[in-house]
Amino acid sequence: EGKIVTIGEILVEIMATTAGNGFLEPQPLIGPFPSGAPAIFIDQVGKLGHPAGIVAAVGDDDFGTLNLERLKQDGVDVSAVAIHPGAATGSAFVRYRPDGGRAFVYNMRDSAVGRIAATPEAGTLLAAAGHLHVMGSGLPVPAIAGMVRSTLPALKARGGTVSFDPNIRREMMRDESGRAIFHSVLSVTDLFLPSGEELSLFSDEIDEAKAIAALLDAGVKEIVLKRGEAGASHFDRNGRTDMPGFVVAEVDPTGAGDCFGATFLVARRLGKSVLEALRYANAAGARTVTVQGPMEGSSSFADLDRFIAQTSVRT
Ligand code: ATP
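An account of the accompanying structure is given in this report. (Residues numbered from 1 in each chain as written. Predicted model: local features only at pLDDT ≥ 70, side-chain atom pairs only at ≥ 80, totals over all residues. Heavy atoms only, no water.)

## A few points about the pattern of salt bridges
Then comes step 1: This model, assessed by the stated rule, comprises 15 salt bridges.
Then comes step 2: Here Lys 72 makes a salt bridge to Glu 69, at a shortest N to O gap of 3.6 Å. With Lys 72 and Glu 69 both in helix 2 (residues 62-73), this residue pair falls 3 residues apart, about one helical turn.
Then comes step 3: The partner of Lys 156 in a salt bridge is Asp 190, with the nearest N and O atoms 2.7 Å apart. Taken as a pair, Lys 156 in helix 4 (residues 142-157) and Asp 190 in the loop between helix 5 (176-186) and strand 11 (191-192) lie far apart in primary sequence, 34 residues in all.
Then comes step 4: Via salt bridges that share partners, Lys 156, Asp 190 and Lys 221 belong to a single interconnected network. (Salt bridge = Lys/Arg side-chain N within 4 Å of Asp/Glu carboxyl O. Helix = DSSP H or I, 4+ residues; strand = E, 2+ residues; numbered from the N terminus.)

Written out as structure tokens, the structure reads:
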């Protein structure tokens, strides 16, 4: 039934090991870890054994090789990842503030991420996709928005499906062209995957139930709202299903939403019920936060079955 395909950034993440004074003093760092929201998402799809592919760009360096090796090892088609000898793979330095929040130093502006382009390899992968996962964070990049725009009509016409993780900041919705592309993707979205705060960016409704109803009226088929440690809720025309989160000790929250979304999507494509898919997705999100590194906690179905059998849910 075709690959699940996504488009977007691949980078490495390097983390501070103390909350103290940020990067203003020398300290031991840990990493590099493979990262980038689209990369984390597609790695989790591959780990679950579903055909997967990504359109991206890396530099001809160890950070790129690290990512490519990991994605290949987990079964992801990387034929449409361009390797640019003249550019470095992007990196992000992450530290925890004493209040538990995260702060980032990005080294992406002139990195290979900016070279993502509609190559012949990208065209081949997208033309055969059965499902496109759109990442909101990539839509402000003209080359990515262009590929999304040109892929969607044919994909839908051949019976393909679309998921959309908005992962955006409020600023992106301020200008007219930003809003226009978000809403055009939303209008063909089968599975929308916002987190709580993101929902409010897509609706004038402050009330959650009204915002959800407005999205379903606008043509979105299924919505799964991610609620962090509290779990998740699913909405469609038939109603609402809640699933509490698993009780785990959070070490590193990065990547939970992407592993969650990938797992819900694959579980549904394999014919699992909404309840089963939510349980698997919560388990995948919870496992991700228990380890350092955004992709280090990705899960096979065997990992998830074992975790579910051994872990209690929040009551
Ligand atoms: P991120 O941007 O950090 O990748 P997100 O904001 O898109 O994540 P979250 O709601 O934080 O999404 O996490 C996604 C899912 O992962 C949650 O719905 C839940 O199932 C699981 N999860 C996240 N944090 C925890 C936690 N501390 N304990 C248990 N489960 C968690």
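Having seen the structure, we can now continue with the description.
## Remarks on the site of the ligand
Then comes step 1: The local shell around the ligand holds 19 residues, among which Gly 228, Gly 231, Glu 250, Gly 257 and Asn 282 are the closest.
Then comes step 2: Interatomic distance of 2.9 Å between a backbone N/O atom of Gly 231 and an oxygen atom of the ligand.
Then comes step 3: For the ligand, an oxygen atom lies 3.4 Å from a polar atom in the backbone of Gly 255.
Then comes step 4: Taken by itself the ligand offers 620 Å² of open surface, and the protein chains cover 84% of this.
Then comes step 5: Of all the elements in the fold, those that place two or more residues in the shell around the ligand are helix 8 (256-269) and helix 9 (274-289).
Then comes step 6: Ranked by the residues each element gives to the shell around the ligand, the list is headed by helix 9, at 4 residues.
Then comes step 7: Here the residues of the shell around the ligand are counted per class, giving 7 nonpolar, 7 polar and 5 charged. (Near = heavy atom within 4 Å. Polar contact = N/O pair within 3.5 Å; in protein donor to acceptor, adjacent residues only side chain to side chain. Areas by Shrake-Rupley, 256 points an atom, 1.4 Å probe, with all protein chains shown as cover. Nonpolar A, V, L, I, M, F, W, Y, C, P; charged D, E, K, R; others polar.)

## Details of the sheet that holds strand 3 (residues 29-35)
Then comes step 1: Read across the open sheet, the 4 strands follow the order 3-2-7-8; overall the sheet is mixed. Either end of the sheet is taken by a strand with one partner, and the two such strands are strand 3 and strand 8 (102-107). Between one strand axis and the next, the sheet turns through 25° on average, direction left out of account.
Then comes step 2: Of the strand pairs in this sheet, strand 7 (residues 90-96) and strand 8 are connected by 6 bridges, and their pairing is antiparallel. Bridging across to strand 8, Val 94 finds its partner in Phe 104. (Pairing = 2+ DSSP bridges. Axes fitted to C-alpha atoms, helices over the stretch in contact; angles between N-to-C directions.)

## Here we look at the nonpolar core
Then comes step 1: Ranked by internal contacts, the top residues of the largest apolar core, which has 44 residues, are Ile 42 and Ile 54.
Then comes step 2: Of all the secondary structure elements, the ones that give two or more residues to this core are helix 1 (37-47), strand 4 (52-59), helix 2, helix 8, helix 9 and helix 10 (301-310).
Then comes step 3: Looking at which element gives the most residues to this core, the answer is helix 9, with 8 residues.
Then comes step 4: Once you skip the residues sitting within four places of it in the chain, Ile 54 turns out to touch Thr 6, Gly 8, Ile 10, Pro 38, Ala 39, Ile 42, Leu 71, Val 76, Asp 77, Ala 80, Val 81 and Leu 125.
Then comes step 5: Of all hydrophobic cores here, the second largest spans 41 residues; its members include Leu 125, Val 134, Ile 168 and Ile 212. (Core = buried A, V, L, I, M, F, W, Y, C linked by side-chain atoms within 4.5 Å. Buried < 20%, exposed > 50% of the residue type's maximum accessible area, 1.4 Å probe, protein only. Contact = heavy atoms within 4.5 Å.)

## Some details on the side chain of Gln 27
Then comes step 1: Following the sequence through the fold, Gln 27 ends up in the loop between strand 2 (11-16) and strand 3.
Then comes step 2: Residue classification places Gln 27 among the buried positions, given a relative accessible area of 18%.
Then comes step 3: Separated by 3.0 Å, the side chains of Gln 27 and Thr 18 make a polar contact.
Then comes step 4: Leaving out residues up to four positions away in the same chain, Gln 27 has contacts with Ala 16, Thr 17, Thr 18 and Gly 22.

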